[in-house]
Amino acid sequence: MTSRGLSRFAVATAAATAGLLVLAGCSGAADPAGSAAGDPNVEIVVGSQNEPTNLDQIFGGSSGVTEVFTGNVYEGLFRITDDAEVEPLLASSTEISDDGLTYTFTLEDATFHSGKELTAEDVKYSLERFVGEESIAARKRQLSVIDTVTAVDDKTVEVTLSQPSISFTYNLGYVWIVNEDAGDLTASEDGTGPYALADYRKGDSISLEVNDEYWGEAPANGGVVYQYYADPTALNNALTTGAVDLVTSQSNPDSIAEFEAAGFQIIEGTSTTKELLAFNDRVAPFDDVRVRKAIYSAIDREKLLDAIWDGRGELIGSMVPPSEPWYLDLADNNPYDPELSEQLLAEAGQSGGFTFTVDTPDSGVHSTVAEFLKSELAKVGITLEINIITDDEWYQKVYTEKNFEATLQGHVNDRDINFYGNPDFYWGYDNADVQTWLADSEAAASVEEQTELIKKANQQISDDAASVWLYLNPQLRIAAEGVSGVPKNGLNSLFYVSDITKA
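The present account deals with the structure reproduced in this document. All values derive from a computational prediction rather than experimental measurement.

Points about the overall build of the protein
- What the protein contains, in helices and strands, is 12 helices and 20 strands.
- Here the C-alpha atoms of the protein give a radius of gyration of 22 Å, agreeing with the 23 Å that 2.2 N^0.38 yields for 503 residues.
- Projected onto its principal axes, the C-alpha coordinates of the protein cover approximately 65 × 55 × 35 Å.
- When each of the 503 residues of the protein is scored for burial, the buried share is 58%.

Shown next as structure tokens:
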């Protein structure tokens, strides 16, 4: 989602067939040229607008909780690298049955921050918790293929699936393994990662201290502080004055040239963040595909992208960006054409226009985008009313209660087209063919078969204008001179900090 929005589900490849072992990849951290060797005792201060709503991923802690905790405080059985590869982490080895239904994991010798040794019972607890009734975690639906989890012995876990899942190990890369005795994790933690939570000041900052007893390679720095800023101008000022060492995402392209001139490093990578105008497809008039397509064709998205990102970023025509294997170039599938828009409105019985409300979070560029849409839609007789709300209000009103007509939101997840296969998702898109193709793609015997099925779904959601995919964000991070090891890409808000150093 947005820079402070919710994480989502994903469809991904982890192995070509159920019988193959997981891929091993390298971390893709950027190491800016000219950086001097860093001081391992120096604390890194990270500026972000991406504050978690709470500290527990199963209760919708937002993409901010992924940015801070995944891979840093908590670890999974597998790790998704900055280059979107899957590599073993807490699972030292994996065996997969010939039918693809049974996975046997052998665990590393790791300990939690509390000092307790990691056991198979903790893994069993964590997986069952993730897919349990209380959980609203991203990828819960994908991991609902888990049938049973058995602790064979202290270091061996056996997981049986109800059906083959080609993305199973990939999705496990986002599941935290937690201490089964930890209790409430919404404001505390007990993970196995290279950092432990030192301080949590809601609305201000999160501090991580180095875990001296970490089972793996020690971090290259002396700890990390995430300092939060609601206002992008305040965040930029913090970077300029040296109050922070880097920013996780630059939301104001107008300042890029200024930072370049001042000697800051501009780190540009691959983004998976899609800016969406999402309809509630359950309610009139958005239950009519002609209305959705009319709105799509009323918006000059190229002009919008230039206005917001000064030519950076990219136009897309579905939920799938070019970095994913099932990408189709659908940017012109619903073309900018006001005359076509008016024609579609007339066919849908809306020639006189109508009024609707868009609920938009107050973070990022959403309110600016909303004003642009209001101006564009007015040209075809549609009145857009803008309701600016907080991220917490968005989560309750839009995501949980589904009490909205339309909303602006940014979806950060990689490989998340499968949202459109879930009619209960907040936007309520319901197409039986898409649901079948996406379900069948997950049970596919090969990447090629999976790709073909997802491409069908990709085309259909675009034909149906299930949402308006306004643009794909550019991925821009800015770091002070002397800072190195900053992750380059913007994959689902993952932000591994172990390699970041400062001279």
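A look at a negative patch on the surface
- Together, Asp254, Glu302, Asp306 and Asp310 line one region of the surface with negative charge.
- Examined against the element boundaries, Glu302 turns out to sit in helix H7 (residues 301-309).
- Glu302 gets classed as exposed once you look at its relative accessible area, which sits at 52%.

As for helix H2 (residues 120-130)
- Burial in H2 covers these residues: Ala120, Asp122, Val123, Ser126, Leu127, Arg129 and Phe130.
- Structurally, H2 contributes buried residues whose contacts are with strand S5 (102-107), strand S6 (146-153), strand S7 (156-161) and helix H3 (168-172).

Things to note about the packing of aromatic side chains
- One pass over the full model with this rule turns up 28 aromatic pairs.
- A centroid spacing of 4.5 Å and a plane angle of 15° characterise the contact between Phe419 and Phe425, whose relative ring orientation is stacked.
- On the accessibility criterion, Phe419 (1% relative accessible area) is buried.
- Each ring, one from Tyr426 and one from Trp427, has its centre 5.0 Å from the other, and the planes form 50°; the classification is tilted. Here the two residues Tyr426 and Trp427 agree in accessibility, since each one is buried.
- Members of the aromatic cluster, connected to one another through ring pairs, are Tyr296, Trp394, Tyr395, Tyr399, Phe404, Phe419, Tyr420, Phe425, Tyr426, Trp427, Tyr429 and Trp469.
- Residue placement shows Arg79 over the ring face of Tyr496; its charged tip is 3.9 Å from the ring centre.
- Cation over ring: Arg139 sits above Tyr174, and NZ or CZ is 3.7 Å from the ring centre.

Some thoughts on the sheet that holds strand S16 (residues 406-411)
- Judged by pairing direction, the sheet is mixed, and its five strands sit side by side in the order S15-S14-S16-S13-S17 without closing on themselves. The open sheet has two edge strands, strand S15 (383-389) and strand S17 (467-472), and neither has a second partner. For this sheet, the mean angle separating the axes of adjacent strands, direction not counted, is 25°.
- Of the strand pairs in this sheet, strand S13 (residues 274-279) and S16 are connected by six bridges, and their pairing is antiparallel. Paired with Glu275 across the two strands is Gly410, which belongs to S16.

Details of the sheet that holds strand S12 (residues 265-269)
- Here we have seven strands laid out as an open sheet, ordered S8-S9-S10-S1-S11-S18-S12, and mixed in their pairing. Unpaired on one side and paired on the other, strand S8 (195-201) and S12 mark the two borders of the sheet.
- Strand direction decides the pairing type here: strand S9 (residues 205-210) and strand S10 (residues 224-228), joined by four bridges, are antiparallel. Counterpart to Ser207 in the pairing with S10 is Val225.

A short note on the pattern of salt bridges
- In total, this model carries 15 salt bridges according to the counting rule given.
- Between Arg129 and Asp56 there is a salt bridge whose closest N-O contact spans 2.3 Å. Taken as a pair, Arg129 in helix H2 and Asp56 in the loop between strand S1 (44-48) and helix H1 (62-69) lie far apart in primary sequence, 73 residues in all.
- For Asp56, a relative accessible area of 1% corresponds to the buried category.
- A salt bridge links Arg201 to Asp199; its shortest N-O distance comes to 2.6 Å.
- Under the relative-accessibility criterion, Arg201 is labelled exposed at 51%.
- Of the residues examined, Asp199 reaches a relative accessible area of 27% and is grouped as partly exposed.
- Taken together, the shared-partner salt bridges connect Lys116, Asp122, Glu180 and Asp181 into one network.

Section: H7
- Those residues of H7 that sit buried are Arg301, Leu304, Leu305, Ile308 and Trp309. Relative to the axis of H7, the buried residues are bounded by an arc of 100° and lie together on one face. Facing away from the buried side of H7 by over 90 degrees, the exposed positions are Glu302 and Ala307.
- Residues of H7 that are buried make contact with helix H6 (289-297), helix H9 (366-378), S17 and strand S18 (475-479).
- In the segment just after H7, Asp310 is the residue with positive phi, at about 50°.

Criteria and thresholds
- Residues numbered from 1 in each chain as written.
- Predicted model: local features only at pLDDT ≥ 70, side-chain atom pairs only at ≥ 80, totals over all residues.
- Heavy atoms only, no water.
- Helix = DSSP H or I, 4+ residues; strand = E, 2+ residues; numbered from the N terminus.
- Rg over C-alpha atoms; globule rule 2.2 N^0.38 Å.
- Buried < 20%, exposed > 50% of the residue type's maximum accessible area, 1.4 Å probe, protein only.
- Patch = residues over 30% accessible without salt bridge, like charges linked within 9 Å, V, L, I, M, F, W, Y side chains within 5 Å.
- Areas by Shrake-Rupley, 256 points an atom, 1.4 Å probe, with all protein chains shown as cover.
- Salt bridge = Lys/Arg side-chain N within 4 Å of Asp/Glu carboxyl O.
- Lys, Arg positive; Asp, Glu negative; His and termini not counted.
- Charge placed at Lys NZ, Arg CZ, Asp CG, Glu CD.
- Contact = heavy atoms within 4.5 Å.
- Phe/Tyr/Trp six-rings, centres within 6.5 Å; stacked < 30°, edge-to-face > 60°.
- Lys NZ or Arg CZ within 6 Å of the ring centre and 35° of its normal.
- Pairing = 2+ DSSP bridges.
- Axes fitted to C-alpha atoms, helices over the stretch in contact; angles between N-to-C directions.
- Arc of directions from axis to C-beta.

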